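# Residue-level structure breakdown
Here's the letter readout for the chains.
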Amino acid sequence: MFVVHLVASFFSKLQEDPTKKVDRFLYAMHLHDDQLSDIAARFQAELKKGLSVESNAAAAVKMLPTHVRSTPDGSENGQFLALDLGGSRFKVLQVKVREGMGIRRGGVELVEKTYPIPKELHIGRGTELFDHVSESLKDFMHEKNISLEKKHPLAFTFSFPCEQATLNQGLLLNWSKNFRARGLQGKDVVQALRGAINKTGGMDVEVLAMVNDTVATMMTCGFDDQYCEVGLIIGTGTNACYMEELRNVDLVEGDEGRMCVNTEWGAFGDDGALKDYITEFDRDVDAASNNPGKQILEKMVSGMYLGELVRLVVLKMAKLGLLFEGHVSDALRTKGTITTEHVAAMEEYKNGLNNTRNLLVDLDLSPTSDDCVAVQHVSTIVSFRSSNLVAAGLAAILTRIKQNRNLRTLRISVGVDGTVYKMHPQYPKRLQKVVRRLLPECHVRFVLSDSGSSKGAALVSAVAQRLALQRRQVDETLSSFRLSQQQLQVVKTRMRAGLEAGLKSKGPSAIKMLPSFVYRTPDGTEYGQYLALDLGGTNFRVLLVNFKQGLQQNPRLYHKIYTIPLETMQGSGEELFDHIAECVSDFLDYMGMKNARLPAGFTFSFPCEQTSIDTGTLVSWTKCFKATDCEGHDVVSMLREAIKRRNGFDLDIAAVVNDTVATMMSCAYEDPQCEIGLIAGTGTNVCYMEELKNIEKIEQKTGNKEGAEGTAEGEEDEQDDGRERERKEGHAEIPKMCINTEWGGLGDDGSLDDIITPYDTEVDQNSLNPGKQRFEKLTSGMYLGEVVRQVLLDLTRGSLLFRGHVTEALKTPGIFQTKYLSHIESDRLALLQVRSILQQLGLNSTCDDSIIVKEVCGAVSRRAAQLCGAGMAAVVDKIRENRGLDHLNVTVGVDGTLYRLHPHFSSILQETARTLAPQCNVTFRPSGEGGGGKGAALITAVARQKLEM
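Criteria and cut-off values
- Residues numbered from 1 in each chain as written.
- Predicted model: local features only at pLDDT ≥ 70, side-chain atom pairs only at ≥ 80, totals over all residues.
- Heavy atoms only, no water.
- Axes fitted to C-alpha atoms, helices over the stretch in contact; angles between N-to-C directions.
- Helix = DSSP H or I, 4+ residues; strand = E, 2+ residues; numbered from the N terminus.
- Parallel < 35°, antiparallel > 145°, perpendicular 65-115°, else oblique.
- Left-handed = near helix turned anticlockwise from the far one by under 90°.
- Contact = heavy atoms within 4.5 Å.
- Nonpolar A, V, L, I, M, F, W, Y, C, P; charged D, E, K, R; others polar.
- Pairing = 2+ DSSP bridges.
- Phe/Tyr/Trp six-rings, centres within 6.5 Å; stacked < 30°, edge-to-face > 60°.
- Buried < 20%, exposed > 50% of the residue type's maximum accessible area, 1.4 Å probe, protein only.
- Lys NZ or Arg CZ within 6 Å of the ring centre and 35° of its normal.
- Core = buried A, V, L, I, M, F, W, Y, C linked by side-chain atoms within 4.5 Å.
- Polar contact = N/O pair within 3.5 Å; in protein donor to acceptor, adjacent residues only side chain to side chain.
- Expected span 1.5 Å × (residues − 1).
- pLDDT = per-residue confidence, 0-100.
- Salt bridge = Lys/Arg side-chain N within 4 Å of Asp/Glu carboxyl O.

### So, the packing of helix α3 (residues 33–51) against helix α14 (residues 369–404)
Two elements in contact, α3 and α14, have axes whose closest approach is 8 Å; the angle formed by their N-to-C orientations is 55 degrees. Taken together, the axes of α3 and α14 lie oblique to each other. In this structure, the crossing between α3 and α14 has a hand that is right-handed. The segment α3 lies against α14, with Leu36, Ile39, Ala40, Phe43, Gln44, Leu47, Lys48 and Leu51 engaging Asn388, Leu389, Ala392, Gly393, Ala395, Ala396, Ile397, Thr399, Arg400 and Gln403. The class makeup of the residues in the contact of α3 with α14 is 11 nonpolar, 5 polar and 2 charged.

### Observations regarding the sheet that holds strand β13 (residues 442–448)
Overall, mixed pairing links the 6 strands, which are arranged β1-β11-β10-β9-β12-β13 in an open sheet. The two strands at the open ends of the sheet, each matched to only one other strand, are β1 (64–65) and β13. One ladder, built from 2 bridges, connects β1 with strand β11 (residues 258–262); its direction is antiparallel. The residue of β11 that forms the bridge with Leu64 is Asn262. The strands touched by helix α16 (residues 427–438) within the sheet are β9 (228–234) and β13, with β13 carrying the most contacts at an inclination of about 160 degrees.

### Some thoughts on the packing of aromatic side chains
Two numbers describe a pair of aromatic rings. These are the distance of the centres and the angle of the planes. Evaluation of the coordinates by the stated rule reveals 24 aromatic pairs. Ring centres 5.5 Å apart and planes at 55 degrees place the aromatic pair Phe602 and Phe604 in the tilted group. Since its relative accessible area comes to 0%, Phe602 is described here as buried. One aromatic cluster is present, built from ring pairs that chain together Phe130, Phe156, Phe158, Phe160, Trp175 and Phe179. The positively charged end of Lys560 is found above the aromatic ring belonging to Tyr590, 4.6 Å away from the centroid.

### A look at the side chain of Arg774
Positionally, Arg774 belongs in helix α28 (residues 774–779). Overall, the relative accessible area of 11% leaves Arg774 in the buried class.

### Looking at the nonpolar core
In this structure, Ile676, Phe816 and Phe924 are the most contacted members of the largest nonpolar core, which totals 111 residues. It is helix α32 (residues 847–882) that provides the largest number of residues to this core, a total of 17 residues. Membership of the second largest hydrophobic core comes to 89 residues, among which are Val22, Leu31, Leu315 and Ile401.

### Section: the environment of Tyr562
The residue Tyr562 is located in strand β17 (residues 556–563) in this model. Assessed through its relative accessible area of 13%, Tyr562 is described here as buried. Sequence separation between Tyr562 and Gly858 is 296 residues; the distance between their C-alpha atoms is 33 Å. Apart from the residues within four sequence positions on either side, Tyr562 is in contact with Thr538, Asn539, Phe540, Val542, Cys583, Asp586 and Phe587. Looking at Tyr562, its side chain comes within polar contact range of the main-chain oxygen of Cys583, at 3.4 Å. Here the side chain of Tyr562 touches Asp586 through a polar contact of 2.6 Å, side chain to side chain.

### What to know about the pairing of β9
For a regular strand, side chains alternate in direction, first toward one face of the sheet and then toward the other. Burial within β9 is extensive, with 7 of its 7 residues counted as buried. Where β9 meets strand β12 (residues 410–417), 5 bridges bridge the pair, whose relative direction is parallel. The residue of β12 that forms the bridge with Gly231 is Gly415. Pairing geometry for β9 and strand β10 (residues 238–245), over 5 bridges, is antiparallel. Residue pairing across strands places Ile233 opposite Asn239, the latter belonging to β10.

### Some words on the packing of helix α10 (residues 303–319) against α14
The contact between α10 and α14 brings their axes to 10 Å, and the two run at 140 degrees. As judged from the angle between their axes, α10 and α14 are oblique. Considering only the axes of α10 and α14, their crossing is right-handed. Every residue of α14 that contacts α10 at Leu306, Leu309, Val310, Val313, Val314 and Met317 is listed here: Val375, Val378, Ser379, Val382, Arg385 and Ser386. Here the contact of α10 with α14 is composed, by residue class, of 9 nonpolar, 2 polar and 1 charged.

### Digging into the pairing of strand β23 (residues 684–691)
Counting buried residues in β23 gives 8 out of 8 residues, a clear majority hidden from the surface. The two faces of β23 match: Thr684, Val686, Tyr688 and Glu690 on one face and Asn685, Cys687, Met689 and Glu691 on the other face are all buried. Relative to β23, strand β22 (residues 674–680) runs antiparallel, the two sharing 5 bridges. If you follow Gly677 over to β23, its bridge partner there is Cys687. Count of turn residues in the β22/β23 antiparallel hairpin: 3 residues.

### Some details on the sheet that holds strand β14 (residues 514–515)
Judged by pairing direction, the sheet is mixed, and its 6 strands sit side by side in the order β14-β24-β23-β22-β25-β26 without closing on themselves. Each having just a single partner strand, β14 and β26 (920–926) make up the two edges of the open sheet. When β23 meets strand β24 (residues 736–740), the two strands line up antiparallel, connected through 5 bridges. The residue of β24 that forms the bridge with Tyr688 is Ile739.

### Quick look at helix α7 (residues 213–224)
Here α7 contains 12 residues, and its C-alpha end-to-end distance of 17 Å stays within 8% of the 16 Å for a straight helix at 1.5 Å per residue. For α7, a buried count of 11 out of 12 residues is recorded, marking the element as mostly surrounded by other parts of the structure. Within α7, burial applies to Asp213, Thr214, Val215, Ala216, Thr217, Met218, Met219, Thr220, Cys221, Gly222 and Phe223.

### A word on the confidence of the model for the protein
When pLDDT is averaged across the protein, the result is 87; 91% of the residues are at 70 or more. Of all the helices and strands in the protein, helix α24 (residues 705–714) carries the lowest mean pLDDT, 37, while helix α34 (residues 905–916) carries the highest, 97.

### Describing the side chain of Lys299
Mapped onto the fold, Lys299 is located in helix α9 (residues 296–301). On the basis of relative accessibility, which here comes to 3%, the residue Lys299 falls in the buried class. Dropping the residues within four chain positions of it, Lys299 is found in contact with Val285, Asp286, Ser289, Asn291, Pro292, Gly293, Lys294, Tyr305 and Leu309.

### A word on the pattern of salt bridges
Should the charged atoms of two oppositely charged side chains come close, the side chains can pair. Under the criterion given, the structure shown has 50 salt bridges. Measuring nitrogen to oxygen at the nearest pair gives 2.7 Å for the salt bridge that ties Lys113 to Glu143. Of the two residues, Lys113 sits in strand β4 (residues 107–116) while Glu143 sits in helix α5 (residues 126–143), which places them 30 residues apart along the sequence. On the accessibility criterion, Lys113 (25% relative accessible area) is partly exposed. Classification of Glu143 by relative accessible area gives partly exposed; the value is 40%. Arg789 is the partner of Glu786 in a salt bridge, and the nearest nitrogen-oxygen pair spans 2.6 Å. Residue Glu786 and its partner Arg789 are both found in helix α29 (residues 781–797); the two are separated by 3 residues, about one turn of the helix. The exposure classification of Glu786 matches that of Arg789, with both residues buried.

### Here we look at the environment of Glu675
Tracing the backbone through its elements, the reader meets Glu675 in strand β22. In this structure Glu675 comes out as buried when scored by relative accessible area, which is 9%. Remark: the alpha-carbon pair of Glu675 and Tyr227, spanning 448 residues in sequence, is separated by 58 Å. A polar atom in the side chain of Glu675 sits 2.9 Å from the side chain of Arg883.

If you want it as structure tokens, here you go:
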């Protein structure tokens with residue numbers, strides 16, 4: 001009694017203000033923003049702990065993967081049955097999902113019936129519970145005249161913590177709320193439902209998806225709001241889910257895309273993380289619950305416990321003489337006499353005080369006006385703390401999403417359901433205000449679920465059906481790019497046949513097999529200063545190369561790059577070569593060497609027929625070049641004439657080679673085993689050292705056999721220059737010549753028609769040279785991006801991408817450059833960055849769109865690398881068989897942006913070559929700085945050595 005008087009005396013000064021009396025008494029329930037930020041930070045740490053495979057077992061917040069990988073996009077359709085089990089009653093529904101047309105999103109029609117669950121089933125055997133559910137389902141189908149013969153997809157909302165390995169399977173971790181049905185914990189509840197349906201009989205039902213109410217709420221709201229990626233329940237229980245980056249979900253394989261994670265945040269605090277914020281009333285509620293020590297946050301937040309918290313506070317204050325003059329009724333002492341519905345009624349704007357008085361009178365109390373104000377304020381503080389704690393949890397989730405996506409601001413919607421949020425008059429406004437205060441940089445919209453979790457479960461099934469259909473259609477589209485080992489072996493065989501045919505003097509050949517008149521690779525005796533000119537793409541390079549004697553000596557390089565305008569590439573030949581001469585003149589001025597007559601090598605990366613090392617007749621332009629009056633003319637003569645017209649300097653053009661030969665020579669300078677050159681960039685080509693006796697067309701060009709022999713003898717010194725090295729390599733005195741294969745022409749005769757897709761045909765027909773360079777159009781950087789664009793366009797027209805919206809950007813040829821393939825396929829690139837790249841191209845994508853775009857890029861680039869690998873296997877096997885070897889060791893010098901910059905191209909090419917040519921040990925050596933130019937200078941040096949001998 002003394003204590004009662006002491007406390008009453010302590011608060012005597014505050015009797016005129018009952019709210020202050022309550023504030024003082026419940027000071028621990030007042031949470032300020034710094035405390036809420038602290039709670040949010042603790043919860044963020046729990047999110048990480050639950051996502052990690054190492055710490056998940058010990059985590060209080062389980063972060064359960066749901067296997068829901070996408071929110072609705074409005075294109076879903078179908079008819080579903082749905083079961084919703086999560087409280088004292090459950091619902092059976094028929095849900096019809098209608099696809100949206102045009103910009104209108106789809107609609108959902110619901111027919112439903114609610115069935116009671118007898119209390120004895122809450123705590124009885126699990127099989128009896130599911131028998132009741134199954135019998136109710138059959139009753140519903142009878143009542144609504146739903147065919148029992150036809151197969152029906154079913155969606156199952158099960159609002160209890162489950163661990164899911166797939167979308168249609170879930171092991172019950174533990175019951176919550178008032179459920180304690182025996183024999184189901186640790187068991188698959190979907191399997192239990194199937195068993196009950198089979199036992200009931202007379203129904204053909206396929207359970208497509210099992211979700212909890214939180215996920216279903218997110219999906220329901222997501223059907224009408226594309227920004228909805230968070231689900232929140234504040235009702236009898238509480239929970240939240242959100243779309244997490246799959247790469248962070250350790251419990252599920254894969255790292256592409258997103259997956260909805262069911263946080264089960266009601267367990268936050270079970271490990272003591274909230275001990276600083278738990279009051280004596282929270283401890284009393286927990287001790288009297290069915291699951292002491294569990295679901296700590298839920299007991300501070302949810303509707304099942306808010307009324308009881310208010311009752312315990314009011315009881316304690318009454319016992320201390322702070323209310324009702326110390327009078328305590330039996331009703332007030334009875335658990336459950338104040339409910340969350342009472343809490344909501346007490347906080348109504350106009351009738352709140354009157355509702356409070358009526359409640360207290362019903363509890364056999366005689367409240368004064370101050371008592372009513374005080375009890376109403378107790379209710380306000382308890383419910384306000386609930387909304388504050390929920391706001392802190394949401395702040396943690398939204399902050400994580402923002403950080404995952406590396407955004408400064410975040411626009412997102414939160415789908416909400418639950419009786420507390422719906423029925424409490426102040427709760428939504430308080431929650432939203434605090435969230436926005438904690439996260440001012442986020443634009444958060446709260447969307448109230450209109451049809452509850454049943455509709456959401458059906459939408460999960462509809463989305464799953466849509467994704468499965470989409471997956472099949474995308475796989476079918478991309479299957480034509482996936483080449484089997486047998487197909488690659490056929491490509492190798494056809495490439496080999498093309499190489500052989502091109503070497504012959506008679507008969508057509510798509511592969512030109514052009515002699516380069518380069519008879520040997522460097523041997524280390526090359527020295528001196530040489531000029532190198534390199535033309536092969538949109539840029540023209542001029543280099544000064546200074547060689548020191550000895551292999552693997554690093555030559556000194558000076559170079560300058562000049563742009564060639566498109567109008568010059570496609571103007572007249574005279575304009576093109578005048579521009580080249582002007583660039584050379586500028587470089588010589590820059591180097592102060594205008595008066596020096598240097599020997600020069602000309603790297604000219606287009607198909608040329610050569611009759612000597614310093615002549616080259618252009619066969620045809622490739623890439624973007626279309627300059628007139630060049631095809632059929634000697635490009636060296638055209639360059640000499642342009643220099644003469646300029647009359648400002650003179651050059652000794654000693655050699656003309658293409659970039660492939662130059663790359664081989666450049667790498668051979670550092671590796672004597674290098675006898676093959678490969679370009680995999682804007683275009684593609686291969687050269688290799690062929691035995692002179694196999695090159696029949698050399699005879700044709702010189703008029704007769706004797707002429708061919710004369711040519712061989714005339715080049716005898718050059719061949720001798722390499723004999724010592726040949727002797728060391730075991731194939732002495734075998735005269736060779738580098739052959740520029742121009743393998744990009746494979747397929748021009750129709751030999752690749754069985755692997756060419758309609759997308760390749762479209763790219764070919766819209767190119768500058770339809771029907772030509774078919775292999776190049778399947779494998780080179782100039783075309784791969786355009787092949788991808790054609791595939792994306794087709795998928796979009798089929799409503800498999802970008803919601804079926806074909807933008808002007810997507811219809812623009814050339815907009816999807818091959819460099820984007822390299823960026824998009826990077827292992828380090830998150831899908832958010834893929835979306836950013838697509839956005840730059842005017843393509844607004846979802847996460848699912850980004851995954852498909854990445855798959856398309858991967859399929860196109862993988863095929864390109866495999867085809868190059870199959871071609872390389874044909875080349876190395878030919879060299880091995882030429883030399884009668886069981887095993888060949890050889891190095892390939894490689895250059896080109898596709899090989900250098902694409903994250904997977906080189907490894908796929910190499911693996912394919914190894915698989916298809918198992919008797920060859922092939923080393924791929926990337927060309928160093930100035931590869932093509934350095935190679936041209938080396939060929940010039942080799943040619944000059946011959947003249948000096």
